[in-house]
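Analysis of the macromolecular model
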Amino acid sequence: MRSASARIPTVAASLLALSATAAAAQPGDPLTQAYSAEDCSSCAEWNEPQAPVKLHGSTYYVGTRGLGAVLITSPAGHVLIDGALPNSAPLILENIRALGFDPADIRLILNSHAHFDHSGGIAALQRASGGQVAASEPSAPVLERGTSDAGDPQYGVLLGFPPVVDVRRFADGETLRVGPIAVTAHLTPGHTPGGTTWSWRSCDDAGCVDMVYADSQTPISADGFRYLDHPSLISGFERGHRALEMLPCDLLVTPHPAASQLWERLARGPQGLIDQTACQRYAANARQALQRRLETERAGN
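Residues numbered from 1 in each chain as written. Predicted model: local features only at pLDDT ≥ 70, side-chain atom pairs only at ≥ 80, totals over all residues. Heavy atoms only, no water.

Concerning the sheet that holds strand β7 (residues 167–170)
- Reading across the sheet, the 7 strands line up as β1-β2-β3-β4-β5-β6-β7 and stay open at both edges, with mixed pairing between neighbours. Two strands in the sheet have a free side with no partner beyond their single neighbour: β1 (53–56) and β7. Between one strand axis and the next, the sheet turns through 25 degrees on average, direction left out of account.
- Summarising the sheet, strand β5 (residues 106–110) and strand β6 (residues 132–136) pair through 2 bridges and their orientation is parallel. What sits directly across from Ile 109, in β6, is Val 133.
- Running over the sheet, helix α6 (residues 122–129) touches β4 (78–81), β5 and β6 and is turned about 170 degrees from β5. (Pairing = 2+ DSSP bridges. Helix = DSSP H or I, 4+ residues; strand = E, 2+ residues; numbered from the N terminus. Axes fitted to C-alpha atoms, helices over the stretch in contact; angles between N-to-C directions. Contact = heavy atoms within 4.5 Å.)

The following block contains the structure:
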């Protein structure tokens, strides 16, 4: 995989001019507006507040109880992965501040996949930090529009979200850097065309661990969509499964923390988070789910 230093350009001046106060949720703020229960029956549960958690070294979980967001910190600036729902952004910012970090020091905001429950808060988080948003080539235009397109298996049933400005594109295998932080992009499409898994090393005085924020690998779709009619998504899933099996992986986190049993692992204590087989199991389960889905489609169900 190639490595390249990511330039972190200046975000639009209109964003940089906004103060931290303006970035906080305000009544009627379009960037942090909650979805109605009618539009999203799961959102209230997903958005349940969760205290921030130190995962290892300079890496922290700052998301909600049901939706992941990870902060990687350094004296030169921070990296944030995922933004959950639009109304999750104030909770994520509160968690970052509770850890003693300033959101204004976030230099780079990344995404797993461009759905409203993982990208919805990115516009507000970008506004609060002035950080550069980066996404894969297929995901970037979705983030900039705030709506999916027909290439997404869930097109037609996905909610829109606040559009993001000035999205930088990166290539598969590219390493993006903020000071000493180096995060590598692994394209793992299938759940969406632009799905991305992220890997990095996180260190403390006791040593370093290989961190993986693995994108969702579930083959779910809108009614009438057939993966058999979209071989590029099937091959994307298969490529992603292989990538996850091969990645050095000591500590796995996922956009929906329940998918990697994060809270159960945390209940076992700090060492409960470390599992060098977690990514392999995650990939194996995903491969089985895809096989079941394709078998169902072949059977005409």
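Now that the structure is up, let's keep going.
Quick notes on helix α8 (residues 231–246)
- Its 16 residues give α8 an end-to-end C-alpha distance of 23 Å, which sits within 8% of 22 Å, the value for a rise of 1.5 Å per residue.
- Taken together, the buried positions of α8 are occupied by Leu 233, Ile 234, Gly 236, Phe 237, Gly 240, His 241, Ala 243 and Leu 244.
- In the core, the buried residues of α8 are packed alongside β10 (196–204), β11 (207–213) and α10 (278–298). (Expected span 1.5 Å × (residues − 1). Buried < 20%, exposed > 50% of the residue type's maximum accessible area, 1.4 Å probe, protein only.)

A short note on the packing of aromatic side chains
- If you walk through the whole model with that rule in mind, you get 6 aromatic pairs.
- Measuring from centroid to centroid gives 5.3 Å for Tyr 35 and Phe 116, while their planes differ by 80 degrees, and the two rings are edge-to-face. Of this pair, Tyr 35 sits in the loop between α2 (20–23) and α3 (43–46) while Phe 116 sits in helix α5 (residues 116–119), and the two are 81 residues apart along the sequence.
- The class of Phe 116 is buried, set by a relative accessible area of 9%. (Phe/Tyr/Trp six-rings, centres within 6.5 Å; stacked < 30°, edge-to-face > 60°.)

Quick notes on the pattern of salt bridges
- Applying the stated criterion across every chain, the model contains 10 salt bridges.
- The partner of Arg 293 in a salt bridge is Glu 297, and the shortest N-O contact between them spans 2.8 Å. One end of the pair, Arg 293, and the other, Glu 297, are both in helix α10, 4 residues apart, so they sit about a helical turn from each other.
- With relative accessibility at 18%, the residue Arg 293 sits in the buried group.
- Given the relative accessible area of 5%, Glu 297 is considered buried. (Salt bridge = Lys/Arg side-chain N within 4 Å of Asp/Glu carboxyl O.)

Observations concerning unusual backbone geometry
- For Asp 82, which is not glycine, the phi dihedral falls at a positive 75 degrees.
- By the element assignment, Asp 82 lies in the loop between β4 and α4 (89–98).

Some points on the nonpolar core
- Formed by 34 residues in total, the largest nonpolar core has its most connected members in Val 62, Ile 92, Phe 116 and Leu 143.
- Counting only elements with at least two residues in this core, the list comes to α4, β5, α6, β6 and α7 (139–145).
- Counting residues per element, this core draws most heavily on α6, at 5 residues.
- Not counting residues up to four positions away in its chain, the partners in contact with Ile 92 are Val 62, Gly 63, Ala 69, Leu 80, Gly 83, Ala 84 and Leu 125. (Core = buried A, V, L, I, M, F, W, Y, C linked by side-chain atoms within 4.5 Å.)

A look at the state of the cysteines
- The final tally for this structure, using the stated rule, is 3 disulfides.
- Indicated for the protein chain is the disulfide connectivity 1-2, 3-4, 5-6, based on numbering the bonded cysteines in sequence order. (Disulfide = S-S within 2.5 Å.)

Concerning the layout of surface pockets
- Estimated volume of the largest pocket: approximately 550 Å³.
- As for the largest pocket, its lining consists of 30 residues, of which Ser 216, Gln 217, Thr 218, Ala 259 and Tyr 282 are closest to the centre.
- Contributing elements (two or more residues each) for the lining of the largest pocket: α5 and α10.
- Considering every element that reaches the lining of the largest pocket, the biggest residue donor is α10, with 6 residues.
- Counted as a void, the second largest pocket has a volume near 170 Å³.
- Every residue along the wall of the second largest pocket is listed here: Lys 54, Leu 55, His 56, Val 209, Leu 251, Leu 266, Gly 269, Pro 270, Gln 271, Leu 273 and Ile 274.
- Top element by residues in the lining of the second largest pocket is β1. It accounts for 3 residues. (1 Å grid on protein atoms, 1.4 Å probe; cavity = no way out; pocket = protein on both sides within 12 Å on 5 of 7 lines; lining within 4 Å. Points joined across faces, edges and corners; volume = space filled by probe spheres on them.)

Examining the pairing of β5
- For β5, a buried count of 4 out of 5 residues is recorded, marking the element as mostly surrounded by other parts of the structure.
- Remark: the β4/α4/β5 crossover connection has right-handed handedness. (Right-handed = clockwise from strand over helix to strand, strands pointing away.)

Everything listed here is a matter of coordinates, which is why it stays silent on function.
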